[in-house]
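Secondary and tertiary structure notes
In case you want the letters, here they are:
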Amino acid sequence: MTNKRYGHFIDGQWAEPAGGEYFPSIDPSTGQPIADVARGNAEDVDRAVRAARRALRSWRRVEPSERGRFLQRVAGRLLAEMEDLARLESRDTGFPLKDCLSTVKNVAARRFEYYSGLADKLMGETIPVPGNHLDYTIREPLGVVGQIIPWNSPLWEGSRCIAPALAAGNTIVLKPAEEAMLTMLRLAEIMVEEGLPPGVFNVVTGYGPEAGAALADHSGINGLSFTGSVEVGAQVMKRAADHVIPAILELGGKSANIVFPDADLEAAVTWAMIAIFAGSGQICVAGSRLLLHRQIHDVFLEKLVERTERLRVGPALDDPDMGPLISEAHLKRVLNYIQIGRDEGATVVTGGRRLTDGRLAAGYFVAPTIFDKVTHHMRIAQEEIFGPVLSIITFEEEDEAIEIANATPYGLAAAVWTNRLRTAHYMARRLEVGSVYINRYFPSGIEAPAGGVKRSGFGRVDGIEVLRHYTQLKNVVINLDEMTT
Ligand code: NAD
């Protein structure tokens with residue numbers, strides 16, 4: 001049986017790649033291709049940007065309430081097609097099916113619903129200026145926005161950029177990662193079926209240095225949103241600077257999960273495990289550093305290892321606790337970091353190897369891995385591994401925990417487990433991150449702003465805050481003295 005072949009989605013329809021080339025999308029659970037996808041180049045990107053520019057003329061003038069109703073309809077379709085979308089995303093990314101179902105329902109559909117309600121609430125202000133003037137502001141869309149997203153859950157990362165940008169009246173050219181593209185292409189189809197005018201949302205697939213770089217460098221783009229690695233984010237930022245356009249960067253992390261002895265230890269063990277092994281650690285805010293107070297280290301570690309060894313690892317559609325890594329190249333990268341950790345003198349207390357039993361042999365599976373006796377200057381404590389590899393570091397004082405937590409170039413998120421209010425607030429203020437979770441892990445919902453500081457990037461996504469990024473402010477002043485009526 002031959003695999004389905006996908007073109008780009010440009011101007012409301014499927015489009016053949018200008019270069020005529022396709023490349024396979026691989027199922028990381030099996031190592032087998034599941035589809036052939038268009039290999040985009042600068043010509044394809046140009047076609048998409050032109051379509052988005054044409055569409056902008058009318059889309060920005062659509063009544064905001066009408067844009068909101070459109071987003072609401074998309075939310076409904078995502079819920080109606082939840083099973084199919086989740087299966088497609090699960091197969092394409094290797095994320096367990098139940099996680100993908102939750103992403104469609106609680107994240108992607110919810111974002112379209114949330115921003116549907118905000119489309120007609122993007123208001124300006126009146127400003128008290130000297131003299132007999134009326135001075136007011138209007139919040140306008142940026143124009144055509146380029147969005148480049150990573151492969152770790154395109155529906156998660158994509159909906160975060162697409163829903164607010166459309167609500168604010170922008171048109172979009174989106175470049176998904178070459179490892180996972182299929183749900184973004186399906187979303188583009190759904191949007192047109194739900195009445196989105198052609199050209200408002202376009203998807204160009206392809207490799208980063210080709211299609212991605214062409215998008216970042218296109219002079220017809222008015223704003224960029226990039227989610228991915230620090231290295232590529234810096235390159236995208238340079239392109240934005242060349243064209244003097246705003247950019248939002250959502251980059252990597254090395255988040256600290258800090259546990260004090262007074263915390264609910266059962267809950268902290270459960271969440272320490274979910275924080276690093278959900279999505280096989282391929283989540284930007286993964287709790288990849290576990291900072292344990294010395295007093296609880298031994299008992300905590302024992303429980304954590306015992307629970308971790310019970311995790312079921314398997315093909316994504318079997319709905320395991322943990323699926324594969326995204327690609328063979330990434331598998332090698334993660335295994336290399338495990339070797340680095342050993343060489344640096346940290347101790348593997350569980351995992352530390354590729355899993356190749358039975359059906360797992362064909363996919364890219366790594367055992368959930370815990371390193372103990374890590375010190376914060378080691379590479380496994382400093383660099384983003386983006387895999388199921390946890391580094392445990394011990395501490396004794398609050399300030400020591402803060403110093404260790406802040407001692408990486410990243411600043412995405414941190415968690416604190418304590419039942420002392422004073423400790424919680426003290427830590428929250430001093431941690432150099434964009435998000436702090438107290439007695440939980442991961443964001444509470446799409447209503448709250450998220451983003452990084454330091455090399456984790458800048459700009460905030462989710463909540464109302466992201467709409468500032470997708471709009472620009474115009475000031476209007478009227479000299480009322482010159483009015484005759
Ligand atoms: P990546 O930087 O390799 O790729 C991200 C995207 O950039 C892909 O679409 C890729 O095709 C594109 N790209 C690659 N080279 C490019 C170039 N020269 N010009 C333009 N685009 C280019 O990242 P990845 O490996 O796909 O994703 C993992 C990274 O993403 C991790 O660092 C992770 O922490 C980060 N991430 C951050 C967040 C966040 O919200 N902060 C969320 C998810 C992932």
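Up top is the structure these notes are about.
Conventions we followed
Residues numbered from 1 in each chain as written. Predicted model: local features only at pLDDT ≥ 70, side-chain atom pairs only at ≥ 80, totals over all residues. Heavy atoms only, no water. Near = heavy atom within 4 Å. Polar contact = N/O pair within 3.5 Å; in protein donor to acceptor, adjacent residues only side chain to side chain. Areas by Shrake-Rupley, 256 points an atom, 1.4 Å probe, with all protein chains shown as cover. Helix = DSSP H or I, 4+ residues; strand = E, 2+ residues; numbered from the N terminus. Domains from an automatic or database assignment. Expected span 1.5 Å × (residues − 1). Buried < 20%, exposed > 50% of the residue type's maximum accessible area, 1.4 Å probe, protein only. Contact = heavy atoms within 4.5 Å. Phe/Tyr/Trp six-rings, centres within 6.5 Å; stacked < 30°, edge-to-face > 60°. Lys NZ or Arg CZ within 6 Å of the ring centre and 35° of its normal. Patch = residues over 30% accessible without salt bridge, like charges linked within 9 Å, V, L, I, M, F, W, Y side chains within 5 Å. Salt bridge = Lys/Arg side-chain N within 4 Å of Asp/Glu carboxyl O. Lys, Arg positive; Asp, Glu negative; His and termini not counted. Charge placed at Lys NZ, Arg CZ, Asp CG, Glu CD.

1. Some words on the site of the ligand
If you check the shell around the ligand, you find 29 residues, and the closest are Arg160, Glu178, Ser229, Leu251 and Glu384. Within the side chain of Glu178, one N or O atom sits 2.5 Å away from an oxygen atom of the ligand. Between the ligand and Ala213, the relevant distance is 3.4 Å, taken from a nitrogen atom to a main-chain nitrogen or oxygen of the residue. Contact with the protein chains covers 89% of the free accessible surface of the ligand, which is 840 Å². It is helix H7 (residues 208-216) that contributes the most residues to the shell around the ligand, four residues altogether. Counting residues domain by domain, the shell around the ligand receives three or more from each of domain 1 (4-251 + 458-474) and domain 2 (256-445).

2. Some remarks on helix H9 (residues 265-277)
A rise of 1.5 Å per residue sets the reference length of H9, with its 13 residues, at 18 Å; its end C-alpha atoms lie 18 Å apart and thus fit the reference within 8%. By the burial criterion, the buried members of H9 are Leu265, Ala268, Val269, Ala272, Met273, Ala275, Ile276 and Phe277. In this structure, the buried side of H9 is in contact with strand S13 (256-259), strand S14 (289-293), helix H10 (297-308), strand S16 (369-372), strand S17 (389-395) and strand S18 (413-417). Of the residues that open H9, the one with a side-chain oxygen 3.2 Å from the backbone nitrogen of Glu266 is Asp264. Gly279 sits one or two residues past H9 and shows a positive phi near 60 degrees.

3. Observations regarding the packing of aromatic side chains
Summed over all chains, the structure comprises nine aromatic pairs. Centroid distance Tyr437 to Tyr441: 5.1 Å. Interplanar angle 65 degrees. Geometry classified as edge-to-face. Note on Tyr441: relative accessible area 0%, which makes it buried. The rings of Tyr6, Phe9 and Trp14 are connected pair by pair, giving a single aromatic cluster. Residue placement shows Arg5 over the ring face of Tyr22; its charged tip is 3.9 Å from the ring centre. Taking NZ or CZ as reference, Arg422 lies 5.1 Å from the ring centre of Tyr426, over its face.

4. Overview of the side chain of Asn257
Inspection of the secondary structure assignment puts Asn257 in strand S13. In terms of polar contacts, Asn257 uses its side chain to reach the side chain of Trp417, at 2.9 Å.

5. What to know about a negative patch on the surface
Among the surface-exposed residues, Glu397, Asp399, Glu400 and Glu403 lie close enough to one another that they form a single negatively charged patch. Its place among the elements puts Glu403 in helix H13 (residues 398-406). Among the residues examined, Glu403 registers a relative accessible area of 58% and is labelled exposed.

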